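Commentary on secondary and tertiary structure
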Amino acid sequence: MATEVYLPHLGMMQTECLLVKWLRTDGDEVTAGEPIAIIQTDKADVDLEAPAGGRLVGVSLAEGESAAVGTVVAYVVAPGEEEPSHQDGEIDSSIPAVSSERRTEAAAKPELPESADQQPTESSGPKASPVARRLARDLGIDLSAVAATGPGGRITETDVRTAAAATETGDLGLERPQSRARQVMAQRMALSFHTVPHLYLETTVDASHLVSASGNGVSVTDLILYVVARCLRTHPELNATFHENKVIEFSRVNLGVAVDTPDGLYVPVIADADVLGVHELSTARMKIVERARTGALLANDLSDATFTVTNLGVFDVDAAWPIVNAPGVAILAVGRIRNEPVVLGEEIAVRPRVRLVLAADHRAVDGAQGARFLGTTKATLETLSSNGNEVA
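This report concerns the structure included in the present document. In this text, all values refer to a predicted model and were calculated from it rather than measured experimentally.

Right, let's talk about the packing of helix H6 (residues 220-234) against helix H8 (residues 367-381) for a bit. Taken N-terminus to C-terminus, the directions of H6 and H8 make an angle of 135 degrees; their axes are 9 Å apart at the nearest point. In terms of their interaxial angle, H6 and H8 are classed as oblique. For the crossing formed where H6 meets H8, the hand is right-handed. Counting all contacts with H6, which are made through Leu 223, Ile 224, Val 227, Val 228, Cys 231, Leu 232 and Thr 234, the residues of H8 involved are Phe 373, Thr 376, Thr 377, Thr 380 and Leu 381. Tallied by class, the residues present in the contact of H6 with H8 amount to 8 nonpolar, 4 polar and no charged.

See the structure below:
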């Protein structure tokens, strides 16, 4: 029986993927686990691997086109097997990560490429996918002036966006089309800002012990992640999601770490961060940051953060008020460490201090819960390597 090649589900909120490039073509022999295509989720480019060994057949999604999670885009057949009859847009109903309602809803959004007998004739204008035609119409791009890179000289969505990038808009200047990752980030941030009632709480931490505990390959960021992960154990209401008027607390602590890259903001994940030693966590952080900045993120690097930390201290920012990164209910922003005068008893001393700002979904987290989490985090950071707190 032929093995389906379908677009995978790589995140809690993902509903579709973009086919960036086929690495193997229809009729090629492939081995199980071999990358056969590059797909783009809302977060990064990842490899689509062959689910079995055999011959790749029935390729139905063109480069530059999007389709719903679960869409069958090809098959792998073993020697002697017949090629299955395939209908464009078929959804694999066996994928457990996405409900049938979400798959159906998502499948209605993208338009799949036309089959060969449906492609426009020369008299009807340049060959282009439905998505590319609609985008060109919306952006006012003349398809006859667009360089085609798709199969058979077909214009893809990516081709139209490339052409739009070189289009001047009078006094407004040069248009700069956003990458898919930036588009999705913009949509999610707008949705979160307008639909999630944000609760903001701020505290200032004496960073003396934090600074002295860093070094030997462990950064201040590593120590903050280490402490936050452990504090979430005792404050599970912050390690949660709000769904259908219910708060669902996650059983694992997967820390999302905001990383600035040339392609935009990514939030790779350190899975099970609460069970890692500080050196293990530091190694994990450095690996995902490196992969994010070199465009080499793996699929599981982006899967299901339960709580997010963003450290803007490296940009000399004192404090930030972030937007909750759904589906989580909270995000912690860290500012720079700076020396400040403080009153100690009857004396004034200079101490390194850092501001922490917690943003939380007020539907799931109330002020007292957020304050207790910040209090625990602050107390732990201020006593690192002392009073019995082990950092190792």
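Residue position: Val 247 is located in strand S11 (residues 246-249). Distance in space between the C-alpha atoms of Val 247 and Arg 363 is 8.7 Å, their sequence separation being 116 residues. Beyond its immediate stretch of four places on either side in the chain, Val 247 contacts Ala 240, Thr 241, Phe 242 and Ala 364.

Within the structure shown, the criterion is met by 15 salt bridges. The residue Asp 361 makes a salt bridge to Arg 363 at a minimum N-O spacing of 2.7 Å. Since its relative accessible area comes to 40%, Arg 363 is described here as partly exposed. Each of the salt bridges in this network shares a partner with another, and the network as a whole consists of Asp 316, Asp 318, Arg 336, Arg 338, Glu 340 and Arg 353.

Counting 47 residues, the largest nonpolar core has Val 228, Leu 255 and Phe 307 as the members making the most contacts within it. The set of elements that each furnish at least two residues to this core consists of helix H5 (208-213), H6, strand S12 (255-257), helix H7 (278-293), strand S16 (307-311), strand S17 (330-334), strand S19 (347-361) and H8. Top contributing element to this core by residue count: H6, with 9 residues. What Leu 255 contacts, discounting residues up to four positions off in sequence, is Leu 225, Val 228, Ala 229, Leu 232, Pro 268, Val 269, Ile 270, Ala 273 and Phe 307. Counting residues in each nonpolar core, the second largest holds 19 residues, with Cys 17, Val 46, Ala 50 and Leu 61 among its members.

Let's shift gears to unusual backbone geometry. A cis amide bond links Ala 326 to the next residue, Pro 327, at an omega of 10 degrees. The topology assignment puts Pro 327 in the loop between S16 and S17. The phi dihedral of Glu 244 is positive, around 50 degrees, even though this residue is not glycine. When you line up the elements, Glu 244 lands in the loop between strand S10 (240-243) and S11.

The rules behind the values
Residues numbered from 1 in each chain as written. Predicted model: local features only at pLDDT ≥ 70, side-chain atom pairs only at ≥ 80, totals over all residues. Heavy atoms only, no water. Axes fitted to C-alpha atoms, helices over the stretch in contact; angles between N-to-C directions. Helix = DSSP H or I, 4+ residues; strand = E, 2+ residues; numbered from the N terminus. Parallel < 35°, antiparallel > 145°, perpendicular 65-115°, else oblique. Left-handed = near helix turned anticlockwise from the far one by under 90°. Contact = heavy atoms within 4.5 Å. Nonpolar A, V, L, I, M, F, W, Y, C, P; charged D, E, K, R; others polar. Salt bridge = Lys/Arg side-chain N within 4 Å of Asp/Glu carboxyl O. Buried < 20%, exposed > 50% of the residue type's maximum accessible area, 1.4 Å probe, protein only. Core = buried A, V, L, I, M, F, W, Y, C linked by side-chain atoms within 4.5 Å.

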